[in-house]
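Close look at the chain arrangement
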Amino acid sequence: MNYKIILHTLGLALIIESAGMLLPVICAICYGDMQDLLIYSLCALLCLAVGATLTIIKPKNKTMYSREGFVIAALTWIVISLFGAIPFWISGYIPSYIDALFETVSGFTTTGASILPDVGALSNAHLLWRSFTHWIGGMGVLVFIMAVIPHDNGSTMYVLRAESPGPSVGKLVPKLKSSAKILYLIYVGLTLIQVIFMLFGKASLFEALTLTFGTAGTGGFALTNASIADYSPYIQKVITVFMILFGIDFSLYYLILTRKISSFFKSEEVRVYILIILISALVISLNTNYLYPNFNTSLRHGFFQVASIITTTGYTTTDFDIWPALSKTILVILMFVGACAGSTGGGIKVSRILILFKSIRREIKLAAHPKATHKITMNAKSVDEGTVRSVCVYFGVFMALFALSVLIISFDNFDPTTNFTAVAATVNNVGPGLSLVGPTRNYAEFSNLSKIVLSLDMLIGRLEIFPILMLFSPRTWRK
Amino acid sequence: MNIIVVGCGNVGKKIVEMLCLEKEHNVTVVDTRSVAINAIVNQHDVMGVIGSGTSVDALTDAGVKNADILIAVTTSDEINLLTCLVARKIGKCQTIARVRNPEYNKEVSLFTKDFGLSMIINPERAAAAVIARNLRFPAAISIDTFSKGRAEILKFRIPDNSTLDNSRVADIVGKLNCDVLVCGVERNDETIIPHGDFVLKSGDYISVLMSLKTETKFFKKAGIKSGKVSDTMIIGGGETAVYLASLLQQSGINVKILEKDSNRCDELCNLLPKATIINADGTDNKQLLEEGLANASSFVSLTNIDEENILLSMFAKTITNGKLITKINRIAYDDVINGLDLGTTICPKNITAEYIVQFVRAKKNSMGSNIETMHRILNGKAEALEFRIRENSPIANIPLQNLSINKNAIIACINRNGNIIIPRGNDVMMPNDTVIVVTTALGHKDISEILKRGKFE
C-alpha cells in the first residue's frame, strides 16, 4: 500500500475543500454576517493548513494500484465530510458533531437527508455551504482534482473508477485530465443554464444558486422545510427538467457536443430512463388526481416527484406521504432504480437494472436450453462477462447491506416503513423517505448509532459500496 | 498528436509506454481482447476501444477522423495492412503497419505508394540491421547513429587495464588525442551524465559520442580490441537469421547457420546459397564445438526461446573470445540479463517500437517540434536527441560555457553542414546546426528545455 500517495491526495482534496469554503465566506461578506465570515474563514484556513501539510508529503513512488484507488476514494470522502461538518458544529446551529457530520455526509453524497428540524433557521452562508457540498459531491472531488491539478502517472484511472458511478467507467478522450475537465465543463455549463432559467422565474440570485446546486448534484437540500413547494410552478418545472437532465450520463452530452446526436438517442439506458419517468409520472398523476384541484397540478407534482426520486435528488413540492399506496410504492421502487450511470444521481442505476434483467432472461433461457450461448448486449454491443458478474454481485451485496442497516436502525423502535425507507432513501442518496422520515419530517429522532450507520450507507451508496467495504477488509491493509 | 495504436501485444505496449512518456499525445488503443485493453488502460493514460482495427465502427470510436497517426501492430500482417487501408479511407491519418512476412516485403513500394501507407516495419529485418551494425563494430555493445550516420553513440564496457580506467572525463581527449565525448556512464544501477571531474573505472559501461572517422583510432588507443569480425555463427534459422545473413554477406562476413529442422535447412539453402547451413541442434554443445565455436569471431543466438539464447551465449562465452549477440523477446528482465555480461542483447520488439516512435517524432517535427532523431540509450534511462537549431533560437550564438545547462543534460555534438564538432566551452550553436543532446530527463521537445529554469526568461 502506497500510503504517501494516499496522504498526498487527501491533502489535495482538503485544499479543494478550503477553496470551496471561500464561497460561504463571500456569501457572509455580502450579507454582512461577521460570525459566519469568521467561522468559514477559520475552517477554510484549517483545511488549507492540514491539506498543505499533507501535500508536503511527496510520494517517491507514484504507482497506484486498484487498491490505492479505492482507499483514496473512500478516505477522501470521509475526510472531507469530517472537515466539512466543522462549520455547522462550531457555529452552534447543530450542537452535536454526529448530527453535523450526518448533515455534511448527506450533502457530499448528494443525499439531502437532514437532521435539522428547521432548515430556515440556518444563516445564508450555512445554506450555501450545504448546497455547495451537493454540487462538488455530485461530480466528485477527486474528478475535480484530476481536472485541475497536474499529475504525471497514468494509473489514476483507478481513482476515477472508484469515484465515478456506473458498472463500467470509461474515458471520453484519451487523456484522463482532459476527460475530467470536459466532465466538469459540461457540469458547470448545465449549472449556469439552470441558474439563468431560475433567475427568469424571479428567484433571487441566492435562491437560484443554492437550488441549482441541489439540482445539479441531484442532492436535495432546500432553503426551507417546505423544500420547493413554495416556489412558482415555473420554477418547479425548470427544476423538474434539470433534475432529469442531470440524471443522464454526462458522456452522452459530450457526444452531443461533438455532434454525434444520433448516438445520444441510441443509448438504451437513456431510453429506458425516460420511459420509466414518463410511465411512472403518468400513473402517479392519475392515481393522485383526486388530491389536487385539477389534472394539471397533479401532473406537475407527479412529474416533479418522479424526477426528484428517480434521479435521487429528493426535492419535494408536495407531501407524498399522504399519497395513495400505489403512488408511494412506485416512488420507493424508483429510489432503488436510480439515475443513469455516469450522471450525478445515485441509486442502483438504470444500466445495472437493465443488465440485471437481461441476465435474468438469460438464466431462464439457459434453464430451457442448457447449452445455449447467449451474450448480454447493451447499445448493440456485447457486455463483458466480468461486468455482468460484478453487476449481479453488486446487487447482492447492496441488498445484504440494506438488510443489515435496516436491522441495526430497528433498535430505535420505529415502524418498519420508517426503517425501510430511511435506509432506502440514504443508501440510494435520495433524502426523504416515508412515514417518520417523510418529506415533512427529518432524521433528527434517530439515535447516534443509527445516524452513523445511515451516514455510512450514504457513503456506500455514493461510492458504490466497494471502496467503503474495502476499508473494513484486513486484506486491504495487509502487506 | 492524436495517435491510434491497433494491437496491444508487446510491441503495442512498448509503443504506448514510450508515447505516454512524451505526455503531449492523445493515445487510443484498439484491440479485440478486452483483457489486454483493460491492462493497458490501467497502466497508462490512454483510452481503450475494444474491437477489431479493421472495423469501421471501432476505428470511428477510436477517433480515426481526427487522428494524425495510426499504428497497426497486431500479430497478423493482413489485419495490419487492412487496418491501415480502412483508416486511410475514413480518416486522413498517416499509417504505419508492422509486416513481417518476407513475401509482402517485396511489395513495400506498392503498399507505400499505391495504398498510401507511410511506413512499413518488419521487426525481424529491423533487428537484423541492428545486429549487423553491431557485428561490424564488435567492440560496442550498442550503436546509435545520428546526423545521417556521421556521428554515433557507442556503448562499451571499460575493460581492466584500459587507459580509460581511473582517468577523468576531462582528460580523455588529451590522453588519447581523440575528439570524443563521454555522454553517459552506467555504474552498478546508477545512470550518470558525467561532467569533467568524473573519474571512470574499469567495469563501467560508458556511452561515447564520436564521429565515424575517430572510432578505430579511439578504440586502439583506449586499449580495447576492435576490428571487424570475419565470420559468424548463427543459432536458429528464422527470418531474422535470413535477413542478417544476407546483410553480413554483403559486407563479406562468412555466415554459418545451425538449424535443427531439415526442411527449413533446405529453404535456407535456397535463400542463402553462399551461407553454410548446418542441420543440427544448436543447443547441443558438442555440435557447437564440432562446428568450430572456439574459433568463431562472433556468435549470434537467435532461437525463439529466450532461456535457450541466454544459456547458449553463456556457454559460448566460456569457449570463445568472439563477439556475442543474444536475442531476447521478453524485456522485463533486462536488468538481470545485463548483469550476466553477455555482450550485446537485442530485443526486436523494442527496436520496432523505437523505430515507430522515431517516426512519430519526425512527424511531430513537421508540426512544430524540431527533433531530428531520438534514441533511447543507457538502458532506456536517457535519451539522445538531435535538435535542429532555428533562426530565432534563444540559445544560438552563445558560447556553451555561458549557458547554464541542467546537470542531467549534456550537449554532446554539433553537426555543422556535415562536420562533426565535439563541443567545448567556447563553441557556439549556430542556426541550422543540428545538436545532439543527451539527457536523463525524458520527453524533451525543444533544446531550450535543457537550460536551467529562469535563466532565459
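Counting of residues starts from 1 at the beginning of each chain's written sequence and follows it residue by residue. Chain letters start at A and ligand numbers start at 1, both assigned in the order the entries are written. pLDDT decides what is reported in this predicted model: residues at 70 or higher carry local features, side-chain atom pairs at 80 or more are listed and counted, and totals for whole chains, interfaces and linings draw on all residues regardless.

**Some words on the pairing of strand β19 (residues 382-388) of chain B**
Residues and elements named next belong to chain B.
- A large share of β19 lies buried, amounting to six of its seven residues.
- Each pair of strands is called paired provided DSSP finds at least two bridges between the two strands. Numbering of helices and strands starts at the N terminus; helices are DSSP runs of H or I of at least 4 residues and strands are runs of E of at least 2. By the bridge criterion, six bridges tie strand β18 (residues 371-377) to β19 in an arrangement that is antiparallel. Bridge pairing in β19 places threonine 373 opposite glutamate 386.
- In this sheet, strand β22 (residues 434-439) lies alongside β19 in antiparallel orientation, the contact comprising six bridges. What sits directly across from glutamate 386, in β22, is isoleucine 436. Labels follow a simple rule on C-beta atoms placed from the backbone: if 20 or more others lie within 10 Å of a residue's own, it is buried; if 12 or fewer, it is exposed; otherwise it is partly exposed.

**A few points about the environment of Cys30(A)**
- Residue position: Cys30(A) is located in helix α2 (residues 22-30).
- Classification of Cys30(A) by C-beta neighbours within 10 Å gives partly exposed; the count is 13.

**Some points on the nonpolar core**
- Put simply, a nonpolar core is buried Ala, Val, Leu, Ile, Met, Phe, Trp, Tyr and Cys residues tied into one set by C-beta atoms within 7 Å. Ile15(B), Leu70(B) and Ile71(B) are the most contacted members of the largest nonpolar core, which totals 230 residues.
- No other element matches the ten residues that helix α4 (residues 66-84) of chain A contributes to this core.
- The next biggest cluster of nonpolar side chains, apart from the first, holds 52 residues, and it includes Ala151(B), Leu176(B), Cys183(B) and Ile420(B).

**With respect to the interface of chain B and chain A**
- With C-beta atoms placed from the backbone, a contact is any residue pair whose C-beta atoms sit within 7 Å. Across the contact, twelve residues belong to chain B and ten residues belong to chain A.
- Among the secondary structure elements, those contributing two or more residues to the side of chain B that touches chain A are β2 (26-31) and α2 (34-43) of chain B.
- The element contributing the most residues to the side of chain B that touches chain A is α2(B), with four residues.

**Some points on the packing of helix α1 (residues 3-20) of chain A against helix α3 (residues 34-56) of chain A**
Residue and element names in this part refer to chain A.
- Angles shown run from 0 to 180 degrees and are taken between the N-to-C directions of axes, each axis being a line fitted to C-alpha atoms and, for helices, limited to the stretch in contact. Running from N to C, α1 and α3 cross one another at 155 degrees; their axes reach a closest spacing of 7 Å. Considering the angle they form, α1 stands roughly antiparallel to α3. α3 is crossed by α1, and the crossing has left-handed handedness. In contact with Leu7, His8, Leu10, Gly11, Leu12, Leu14, Ile15, Glu17 and Ser18 of α1, α3 contributes Ala44, Cys47, Leu48, Val50, Gly51, Ala52, Leu54 and Thr55. Orientation labels follow simple angle bins: below 35 degrees gives roughly parallel, above 145 gives roughly antiparallel, 65 to 115 gives roughly perpendicular, and whatever is left gives oblique. When the near helix sits turned anticlockwise from the far one by under a right angle, the crossing is termed left-handed; a clockwise turn instead gives a right-handed crossing.

**Brief notes about the packing of α4(A) against helix α6 (residues 97-108) of chain A**
Residues and elements named next belong to chain A.
- For the pair α4 and α6, the least separation of the axes is 8 Å and the interaxial angle reads 130 degrees. Judged by the angle between their axes, α4 and α6 are oblique. The interaxial crossing formed by α4 with α6 has right-handed handedness. Counting all contacts with α4, which are made through Trp77, Ile80, Ser81, Leu82 and Gly84, the residues of α6 involved are Leu101, Thr104, Val105 and Phe108.
- Just so you know the grouping, Ala, Val, Leu, Ile, Met, Phe, Trp, Tyr, Cys and Pro go in nonpolar, Asp, Glu, Lys and Arg go in charged, and all remaining residues, Gly too, go in polar. Its residues assigned to classes, the contact of α4 with α6 shows six nonpolar, three polar and no charged.

**What about helix α7 (residues 124-139) of chain A?**
- The end-to-end C-alpha distance of α7(A), which contains 16 residues, comes to 24 Å, matching closely the 22 Å that a straight helix rising 1.5 Å per residue would cover.
- Count one or two residues on from α7(A) and you reach Gly140(A), which has phi positive near 115 degrees. Given a helix with a known number of residues, its expected span is that number minus one, times 1.5 Å.

**Looking at the domain arrangement of chain B**
- Domain assignment breaks chain B into domain 1 (2-121), domain 2 (128-221), domain 3 (231-321) and domain 4 (365-450).
- Each of domain 1 of chain B and domain 4 of chain B has a C-alpha centre, and these two points are 31 Å apart. Domains are outlined according to an automatic or database domain assignment.

**Some details on the sheet that holds strand β21 (residues 419-421) of chain B**
Residues and elements named next belong to chain B.
- The sheet built from five strands is open, its strands ordered β18-β19-β22-β20-β21 with antiparallel pairing. The two strands at the open ends of the sheet, each matched to only one other strand, are β18 and β21. Ignoring strand direction, the axes of neighbouring strands in this sheet form an average angle of 20 degrees.

**What about unusual backbone geometry?**
All names here are of chain A.
- Even without being a glycine, threonine 218 presents a positive backbone phi close to 45 degrees.
- Within the secondary structure, threonine 218 is located in the loop between α11 (205-216) and α12 (233-246).
- What makes threonine 218 buried here is the crowd of 34 C-beta atoms within 10 Å.
- Positive phi outside glycine occurs at alanine 380, with the angle close to 65 degrees.

**Here we look at the environment of Gly219(A)**
All names here are of chain A.
- Residue position: glycine 219 is located in the loop between α11 and α12.
- Distance in space between the C-alpha atoms of glycine 219 and threonine 111 is 5.1 Å, their sequence separation being 108 residues.
- Here glycine 219 is in contact with Gly107, Thr110, Gly112, His134, Gly138, Gly214 and Thr313, once residues within four sequence places are set aside.

**A closer look at α3(A)**
Residue and element names in this part refer to chain A.
- The first and last C-alpha atoms of α3 sit 33 Å apart over 23 residues, in line with the 33 Å expected at 1.5 Å per residue.
- Along α3, the positions that sit buried rather than exposed are Asp36, Ile39, Tyr40, Cys43, Ala44, Cys47, Gly51 and Leu54.
- Of the surrounding secondary structure, the elements contacted by the buried residues of α3 are α1, α2, α4, α5 (86-91) and α7.

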